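# Coordinate inspection notes
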Amino acid sequence: MKNILMSVLLALILTAGFSLFLEPALAAPSMKVEYAEGEVVIKIRGDVSHSVVEDDLGSALAGKIGVRSLDAIGTRHKLIRSERVFPVSRVFKPLGGNRLLPSRKGIAEFNTDSYRKLVFPLQVDLRAIIEALEQDPNIEFAEPNYTRRPLGVGKHPLEKSSARVSSNAPWRTHLIMTPGPATDPYYDQQWHLSAINAPQAWQYLDDHGINPGGNRDVIVAIVDTGVDCAHPDLIGNLWVNSGEIPGDGLDNDENGYVDDVHGADVVSGTGAPADDHGHGTHVAGIACAQGYNGAGGVGVAFNCQIMPVKASHPEGFLSATDIAAGILYAVDKGADVISMSFGGYSESQLEKEALLLASEQAVLVAAAGNDGKANLPCASGADMFPAAYDWVLGVMASTPGGSLAAFSNYDCSGQDTHEYEIKAPGLDIWSALPGGEYAAWDGTSMAAPIVSGVAALARSIFSDREKYSARFIMGQVAASADSLADAFAAVTEVPLPDLKYMKHWLFDPIELNASNDADGCGDA
């Protein structure tokens with residue numbers, strides 16, 4: 001879509017930017033809302049979270065939360081244990097408006113100690129528990145632990161090619177040729193690259209002295225089912241955690257994960273993000289498979305780094321608590337783009353707050369869903385999350401002819417608070433699978449990493465992170481597209497903002513400002 005949604009907020013002064021205030025989104029009756037049985041997510045009020053029992057293991061074993069009134073609710077409903085959502089205590093604070101750094105002191109912008117997962121017996125009435133928790137003044141919110149599903153469908157595998165070319169064909173200062181079948185044997189299978197004008201974007205970067213596959217310091221986090229870190233088309237582009245000493249069995253960077261050299265599994269709490277599904281490996285290859293290596297194909301941003309973040313359970317679902325932990329891992333480790341090829345029809349406050357934090361640093365990209373459904377405000381529509389959040393690029397899927405894929409969810413109306421912003425190829429998308437395999441898959445799961453790759457290329461050309469924020473890159477990718485994501489336009493054009501009035505808020509309480517009169521009327 002050509003237009004970028006910007007909301008207007010009136011609070012003594014008028015400012016334009018992405019909306020940070022959303023009306024509650026309700027799933028349509030026909031759309032199933034999924035959540036983990038017996039699990040509730042809470043956010044404890046900031047000043048109270050500091051007094052929560054620090055011995056989390058002992059507190060969990062005792063079936064307690066650490067706040068007296070909340071423990072009473074837990075006892076009444078047979079609380080089994082209370083767990084941290086995030087493995088270590090961190091307070092994230094803005095740095096320069098664009099980047100975020102963790103701090104152990106100061107006023108919390110995002111305090112990881114505030115968030116807890118409560119585990120109850122499977123037979124409990126979650127609604128009753130949540131209602132009781134919401135009435136407690138120590139709670140900011142309580143909700144089910146909503147779950148998401150991967151949004152890609154496996155199809156036909158491709159035969160392994162015996163063709164090999166020299167792997168000693170690195171990028172030079174001036175490109176002799178863009179990647180193709182001579183450098184990457186399966187390139188001709190990847191119709192989506194020409195559809196988004198990737199070769200022209202690569203050439204433009206090369207002409208401006210930038211690696212055509214994107215800057216090496218650009219990191220794309222793949223929050224998914226894990227990644228096959230030994231795959232020949234991915235191993236050369238794996239992100240390396242400089243804060244870890246490989247194989248020493250220690251958590252050197254004190255982030256809660258031991259030996260997370262190439263990413264983390266936030267479900268098991270380990271540094272081994274192995275892919276037991278295939279989905280995450282396929283997504284990673286679409287975004288950043290290595291180029292010029294004589295193997296397989298090539299990613300959209302084939303020189304950028306892949307940060308694997310496994311947030312899925314063996315059963316194939318992702319919970320809001322694990323998604324949030326994965327998002328914060330990516331933020332903490334400096335991700336520039338976070339690719340999310342999963343979704344569900346329920347709005348999670350935990351997920352939303354983690355992503356809002358991440359949007360200060362990273363371009364957020366998510367799949368719009370494969371149910372052929374419109375989003376709201378259509379009468380029969382339903383929003384797919386996280387794609388529908390205002391600070392996330394929601395990606396629909398297209399066919400080789402450029403039309404919307406029949407299975408793809410779609411945008412009901414432009415420039416509102418239920419936006420899917422962009423369309424990208426999502427049919428017969430060829431990429432890597434675990435074990436050195438390759439296959440073509442369908443889904444908005446495949447369209448999303450294409451856009452993530454475009455965002456990585458845009459970040460490579462607009463590399464000054466203090467000058468060009470993540471939201472600038474987000475707008476650049478969406479607004480430079482016409483009917484389809486366009487990598488060349490994203491690195492060459494700077495479109496003008498297209499503003500539309502959405503809504504406004506008036507804050508008039510006396511306690512906010514002594515000059516206010518609390519009459520609810522603008523007196524300027």
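Residues numbered from 1 in each chain as written. Predicted model: local features only at pLDDT ≥ 70, side-chain atom pairs only at ≥ 80, totals over all residues. Heavy atoms only, no water.

With that settled, consider the overall build of the protein chain. A tally of regular secondary structure across the protein chain gives 12 helices and 21 strands. Contacts in the protein chain between residues far apart in sequence, at least 24 positions, make up 75% of those at least 6 positions apart. Carbon and sulfur atoms make up 55% of the accessible area of the protein chain, which amounts to about 20700 Å² in all. (Helix = DSSP H or I, 4+ residues; strand = E, 2+ residues; numbered from the N terminus. Contact = heavy atoms within 4.5 Å. Areas by Shrake-Rupley, 256 points an atom, 1.4 Å probe, with all protein chains shown as cover.)

Here we come to helix H8 (residues 320–332). Every α-helix carries 3.6 residues per turn, so stepping three or four residues along brings you back to the same face. For H8, with 13 residues, the first-to-last C-alpha span of 18 Å sits near the 18 Å given by 1.5 Å per residue. With 12 of 13 residues buried, H8 lies mostly within the body of the structure. For H8, the complete set of buried residues consists of Ala320, Thr321, Asp322, Ile323, Ala324, Ala325, Gly326, Ile327, Leu328, Tyr329, Ala330 and Val331. Of the residues trailing H8, Gly334 is marked for its positive phi of about 90°. (Expected span 1.5 Å × (residues − 1). Buried < 20%, exposed > 50% of the residue type's maximum accessible area, 1.4 Å probe, protein only.)

Right, let's talk about the pairing of strand S18 (residues 393–398) for a bit. Taken across its six residues, S18 has six buried, putting it largely inside the fold. Burial of S18 is two-sided: the residues Leu393, Val395 and Ala397 facing one way and the residues Gly394, Met396 and Ser398 facing the other way are all buried. As paired strands, strand S17 (residues 363–367) and S18 are joined by three bridges and run parallel to one another. Looking across to S18, one finds that Val365 is bridged to Leu393. (Pairing = 2+ DSSP bridges.)

One way to put it is that helix H10 (residues 444–461) packs onto helix H11 (residues 470–479) with a least axis distance of 10 Å and a crossing angle of 120°. Relative to H11, the element H10 is oriented oblique. As H10 runs across H11, the sense of the crossing is right-handed. Mapping the contact onto sequence places Val451, Val454, Ala455, Ala458 and Arg459 in H10 and Ala470, Ile473 and Val477 in H11. Classifying every residue of the contact of H10 with H11 gives seven nonpolar, no polar and one charged. (Axes fitted to C-alpha atoms, helices over the stretch in contact; angles between N-to-C directions. Parallel < 35°, antiparallel > 145°, perpendicular 65-115°, else oblique. Left-handed = near helix turned anticlockwise from the far one by under 90°. Nonpolar A, V, L, I, M, F, W, Y, C, P; charged D, E, K, R; others polar.)

Spatial strand order, S12-S13-S11-S15-S17-S18-S19: seven strands in an open sheet with parallel pairing. Across the chains shown, the open sheet's two edge strands, defined by having one partner strand only, are strand S12 (264–265) and strand S19 (422–425). The sheet contacts of helix H7 (residues 279–288) involve strand S11 (219–224), strand S13 (305–310) and strand S15 (337–340), and relative to S11 the element is tilted by about 160°.

What follows concerns the nonpolar core. Counting 114 residues, the largest nonpolar core has Ile327 and Ile338 as its most contacted members. With 10 residues, the top contributor of residues to this core is H10. Other than its neighbours up to four places away in sequence, Ile327 contacts Val223, Ile338, Met340, Ala354, Leu355 and Ala358. Counting residues in hydrophobic clusters, the runner-up holds 18 residues, among them Val40, Leu118, Ile129 and Leu133. (Core = buried A, V, L, I, M, F, W, Y, C linked by side-chain atoms within 4.5 Å.)

Inspection of every chain in the model, using the stated rule, returns one disulfide. Left without a disulfide partner, Cys304 is nearest to the cysteine sulfur of Cys288, which lies 5.5 Å away. Residue Cys304 is classed as buried on the basis of its relative accessible area of 0%. (Disulfide = S-S within 2.5 Å.)

Tallying each qualifying case throughout the model produces 17 aromatic pairs. Measuring from ring centre to ring centre gives 5.1 Å for Trp202 and Phe302, while their planes differ by 85°; the resulting arrangement is edge-to-face. Within this pair, whereas Trp202 is found in helix H6 (residues 198–207), its partner Phe302 is found in the loop between H7 and S13, the two being separated by 100 residues in sequence. Here Trp202 and Phe302 have matching classes, each one buried. (Phe/Tyr/Trp six-rings, centres within 6.5 Å; stacked < 30°, edge-to-face > 60°.)

In this section: the pattern of salt bridges. Within this structure, the stated rule accounts for 15 salt bridges. Taking the shortest distance from any N to any O, the salt bridge between Asp217 and Arg465 comes out at 3.9 Å. Highlighted residues: Asp217 in the loop between H6 and S11 and Arg465 in the loop between H10 and H11, separated in sequence by 248 residues. As a salt-bridge pair, Glu347 and Lys352 come within 2.5 Å of each other at their nearest N and O atoms. Each member of the pair, Glu347 together with Lys352, is buried. (Salt bridge = Lys/Arg side-chain N within 4 Å of Asp/Glu carboxyl O.)

What you tend to see is this: most non-glycine residues have negative phi, and most peptide bonds are trans. Here the amide bond leading from Leu376 into Pro377 is cis, since omega sits at 15°, within 30 degrees of zero. Residue placement: Pro377 occurs in the loop between S17 and S18. Residue Pro386 follows Phe385 across a cis peptide bond; omega there is 15°. Take Pro386: it is sitting in the loop between S17 and S18. Non-glycine residue Lys78 carries a positive phi angle of around 60°.

The next thing to look at is the confidence of the model for the protein chain. Residue-level pLDDT values for the protein chain average 85, and 82% of them are 70 or greater. This stretch, residues 103–108, has a pLDDT under 50; its non-local contacts, to residues over four places away or in other chains, come to 12 contacts. Residue range residues 159–176 is modelled with pLDDT below 50. Its contacts to residues more than four positions away, or to other chains, number 31 contacts. (pLDDT = per-residue confidence, 0-100.)

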